[in-house]
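Take a look at the letters that make up each chain.
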Amino acid sequence: MTVMEQRGAYQPAPPPAWQPRTDPAPLLPDAEPYRVLGTRAARAVDQDLLLRLHGELVRGRRYNTQATALTKQGRLAVYPSSTGQEASQIAAAFALREQDWLFPSYRDTLAAVARGLDPVAALTLLRGDWHTGYDPREHRIAPLCTPLATQLPHAVGLAHAARLKGDDVVALALVGDGGTSEGDFHEALNFAAVWQAPVVFLVQNNGFAISVPLAKQTAAPSLAHKAVGYGMPGRLVDGNDAVAVHEVLADAVRRARAGGGPTLVEAVTYRMEAHTNADDATRYRQDAEVDAWRDHDPIVLLERELTERGLLDEEHRSAVRASAEAMAADLRERMNGEPALDPMDLFTHVYAEQTTQLREQAARLRAELEAEDEAHGAGR
Amino acid sequence: MTTVAVKPATMGQALGRALRDAMADDPTVHVLGEDVGTLGGVFRVTDGLAAEFGETRCTDTPLAEAGILGTAVGMAMYGLRPVVEMQFDAFAYPAFEQLISHVARMRNRTRGGLALPLTIRVPYGGGIGGVEHHSDSSEAYYMATPGLYVVTPATVADAYGLLRAAIASDDPVVFLEPKRLYWSKADWNPDAPTAVDPIGRAVVRRAGRSATLLTYGPSVPVCLEAAEAARAEGWDLEVVDLRSLVPFDDETVDASVRRTGRAVVVHESGGFGGPGGEIAARVTERCFHHLEAPVLRVAGFDIPYPPPMLERHHLPGVDRILDAVARLQWEAGS
């Protein structure tokens with residue numbers, strides 16, 4: 001009998017014998033977001049991890065500014081910046097092993113890139129040449145998901161399937177504070193807990209769902225508290241503290257691997273930019289609020305610790321800067337090229353085999369394209 | 001020579017046998033849904049599967065349709081072949097976002113990288129005295145979503161063969177089960193299931209020369225009954241069982257209508273925006289010069305599904321079909 005069958009078995013319960021089915025106390029999140037940087041515990045953190053995180057955060061910030069610049073040059077249709085959230089996204093990528101799966105939302109291109117995905121492949125959705133610019137199975141990164149929270153049940157199903165097959169695979173699903181109001185968030189967490197699926201949910205609470213602040217989104221004590229209702233632990237962590245997020249996620253991944261079931265992690269962070277380049281954040285928040293977060297910037301927090309420990313020398317700084325600029329230059333150059341488009345691709349992957357009706361429609365488009373080519377040829 | 005044990009079986013039993021055989025043949029086939037395990041489903045289609053294959057292969061899920069379909073998507077992403085049961089037509093609506101935004105387009109958005117071989121079983125249609133929200137004909141919603149196959153059996157043999165084909169398909173299939181045919185019986189040998197055409201082939205259930213009735217699922221037996229009754233009026237009606245709404249078998253339909261010159265589409269779904277509009281338009285576009293009369297539709301009324309004591313007035317019956325046949329301009333061309 002499997003774990004699932006034991007948990008699912010019907011157990012008669014006489015009415016007077018009521019008691020909580022599980023003790024809620026161990027599931028409760030800490031009262032304050034968990035922090036490492038700026039505390040005594042930071043001194044014990046491995047210096048290689050600090051330096052690696054710092055390098056990736058600086059590259060990540062540069063990736064965000066470069067992608068935003070590409071929208072102004074018309075090379076990206078839209079870009080939802082994750083500036084301010086780099087610590088959460090990069091820690092998410094660092095917490096996963098090669099065989100694990102990442103389930104990102106549209107704001108999580110940085111997590112995908114930090115996991116090793118080619119930045120151009122991560123951006124085809126936002127450039128508009130194809131919805132998913134990479135093979136999800138090859139990278140174990142699910143398609144960037146736009147309908148909020150709808151990818152969370154996929155993470156649960158995939159993790160559940162992997163466990164049924166006896167594979168050591170954990171799924172990490174990313175969602176925002178707004179996404180926690182969606183029905184799929186609830187259903188995914190419930191299924192994950194009932195099935196004890198090896199999945200970790202990371203909520204990046206960046207304060208806003210486009211313009212709507214968290215206070216209008218939920219009346220919960222914290223988003224991490226929602227875990228208790230599903231019977232899984234909730235962890236509250238400072239989302240700008242890369243070391244803390246990495247530690248909490250790594251713990252949750254270990255727990256999932258060991259058969260301990262799912263964890264909900266709320267990373268408290270802040271969206272420094274507008275929702276996207278098409279949004280105007282001055283309509284719903286004050287500059288003073290944004291400025292207040294600058295002192296708690298993820299790169300600033302990390303550099304304070306590195307400075308304290310004498311690790312932020314000019315050699316490291318210039319190496320990190322050069323790496324970030326090289327990435328940005330490569331991204332700029334490749335995004336400035338015109339993507340190769342074949343309109344006939346529209347019909348290629350609707351079904352495994354084209355239906356008769358789609359073959360007819362493809363033939364019509366082909367004829368239109370040939371007529372266009374002829375017209376251009378005649379005009380030359 | 002071996003004797004073949006042919007005995008009466010219901011459509012529900014044939015569907016259950018199809019699930020069982022698919023699970024026995026392929027360990028990646030998993031059944032999940034509400035009450036499908038211990039109970040065997042509210043229509044008992046999954047009866048015995050949990051006992052035979054264990055609860056990890058036939059799983060009682062929490063009561064949440066989007067969660068059922070959403071987790072099935074993840075399972076299919078990892079190489080399993082899930083078969084989900086939506087308990088009733090109208091209970092499938094919470095899963096529509098998963099169906100439309102993910103199931104139908106995952107292959108397309110990933111350029112074939114993530115195909116989803118999953119089957120979504122949906123009991124549909126009326127005629128069983130179901131109270132509100134238990135009798136919808138939801139096929140038009142599914143038909144309007146590119147990337148899905150939409151299949152519905154009308155016979156016991158097809159129930160088995162089409163469900164096996166659906167589970168074997170590498171594309172997602174919405175498998176619509178006509179509720180009022182669950183208890184329909186036919187002589188059927190479960191040990192030598194009928195060979196079935198691949199998904200996408202219609203079949204002529206009754207050959208005739210006067211006019212073609214184009215129909216599917218629960219309306220097929222009604223049309224066959226109408227065709228028998230029509231003999232008294234001197235009409236020899238052909239009945240085409242579409243079996244697959246997507247992909248649509250234009251070839252079989254066109255051949256029949258070109259032969260008879262007249263066509264009536266019959267279904268329970270409402271007429272406005274219903275499948276019959278698409279079918280009538282296709283037939284008119286493709287067979288115009290063979291037609292002696294406009295293609296007519298006999299459909300459910302354009303009303304919310306009625307309460308059970310009134311549903312007989314809503315569902316297309318023999319008389320309504322014969323009235324339509326009578327309006328096929330018999331005097332004009334002949």
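What you see as residue numbers is a count from 1 along each chain, following the sequence as written. All chains are assigned letters beginning with A, and all ligands numbers beginning with 1, in the order in which they are written. Only residues with pLDDT of 70 or above have their local features reported here, since the model is predicted, and side-chain atom pairs are shown and tallied only from 80 upward, although totals for entire chains, interfaces and linings are computed over all residues.

**Observations concerning the overall build of chain B**
Rule in force here: Note on conventions: DSSP H or I runs of at least 4 residues are helices, E runs of at least 2 residues are strands, and numbering of each starts at the N terminus. Burial is judged by counting the other C-beta atoms within 10 Å of a residue's own C-beta: 20 or more makes it buried, 12 or fewer makes it exposed, and any count in between marks it as partly exposed, with every C-beta position built from the backbone. We call two residues in contact when their backbone-placed C-beta atoms lie within 7 Å.
Summing up its helical and strand segments, chain B has 13 helices and 14 strands in all. For chain B, the spread of C-alpha atoms along the three principal axes comes to 65 × 50 × 40 Å. By residue count, 56% of the 334 residues in chain B fall in the buried class. Across chain B, every contact between residues at least 6 apart in sequence was considered, and the portion connecting residues at least 24 apart equals 80%.

**Some thoughts on the sheet that holds strand E2 (residues 171–176) of chain A**
Residues and elements named next belong to chain A. Our working definition: A pair of strands is considered paired only if DSSP assigns at least 2 bridges between the two. Each axis is a line fitted through C-alpha atoms, taken for helices only over the stretch in contact, and angles between the N-to-C directions span 0 to 180 degrees.
Taken in spatial order, the 5 strands make up an open sheet running E1-E2-E3-E7-E6, and their pairing is parallel. A strand with exactly one partner marks an edge of an open sheet, and here the two such strands are strand E1 (101–103) and strand E6 (234–238). Within this sheet the neighbouring strands show an average axis-to-axis angle of 20 degrees, counted without direction. By the bridge criterion, 5 bridges tie E6 to strand E7 (residues 263–268) in an arrangement that is parallel. Along E7, the bridge assignment pairs arginine 235 with valine 265.

**A word on the environment of B:Ala51**
Tracing the chain through its elements places B:Ala51 in helix H2 (residues 49–53). Put simply, B:Ala51 and B:Val204 are 153 residues apart on the chain and 39 Å apart in space, counted from C-alpha to C-alpha.

**Quick word on the UniProt feature "domain: Dehydrogenase E1 component" (unreviewed entry) in chain A**
Quick reminder of the rule: UniProt positions are given in the numbering used here, feature names are shortened, and annotations may be inferred rather than shown by experiment.
Here the UniProt feature "domain: Dehydrogenase E1 component" (unreviewed entry) sits at residues 67–337 of chain A. Taken as a whole, residues 67–337 of chain A contains 46% helix and 11% strand, while its terminal C-alpha atoms sit 15 Å from one another.

**Some details on the domain arrangement of chain B**
Residue and element names in this part refer to chain B. The following threshold applies: The source of the domain bounds is an automatic or database domain assignment.
What the domain assignment reports for chain B is domain 1 (7–188) and domain 2 (203–333). The C-alpha-based centres of domain 1 and domain 2 are spaced at 27 Å. Across the boundary between the two partners, domain 1 contributes 26 residues, which contact 22 residues of domain 2. Sorting the residues of the side of domain 1 that touches domain 2 by element identifies helix H6 (139–143), strand E6 (149–151), helix H7 (156–168) and strand E7 (173–178) as the ones contributing at least two each.

**A look at the domain arrangement of chain A**
Along its sequence, chain A is organised into domain 1 (21–336) and domain 2 (343–379). The distance between the C-alpha centroids of domain 1 of chain A and domain 2 of chain A comes to 40 Å.

**What about the interface of chain B and chain A?**
Note the cut-off: Gly is placed with the polar residues, together with every amino acid not listed as nonpolar (Ala, Val, Leu, Ile, Met, Phe, Trp, Tyr, Cys and Pro) or charged (Asp, Glu, Lys and Arg).
Residue-level contacts link 37 residues of chain B with 37 residues of chain A. Counting residues per element, the ones that place at least two in the side of chain B that touches chain A are helix H3 (65–77), helix H4 (96–103) and helix H5 (106–109) of chain B. A class-by-class count of the residues in the side of chain B that touches chain A yields 14 nonpolar, 14 polar and 9 charged.

**Notes on the sheet that holds strand E9 (residues 203–206) of chain B**
What holds strands together in a sheet is hydrogen bonding between their backbones, with the strands either parallel or antiparallel. All names here are of chain B. Read across the open sheet, the 5 strands follow the order E9-E11-E10-E13-E14; overall the sheet is mixed. With partners counted over all chains shown, the strands left at the sheet margins are E9 and strand E14 (296–300), one partner each. Going across the sheet, the axis of each strand differs from the next one's by a mean of 25 degrees, ignoring polarity. In this sheet, E14 lies alongside strand E13 (residues 263–270) in parallel orientation, the contact comprising 4 bridges. Across the sheet, the residue bridging to valine 265 is arginine 297, located in E14.

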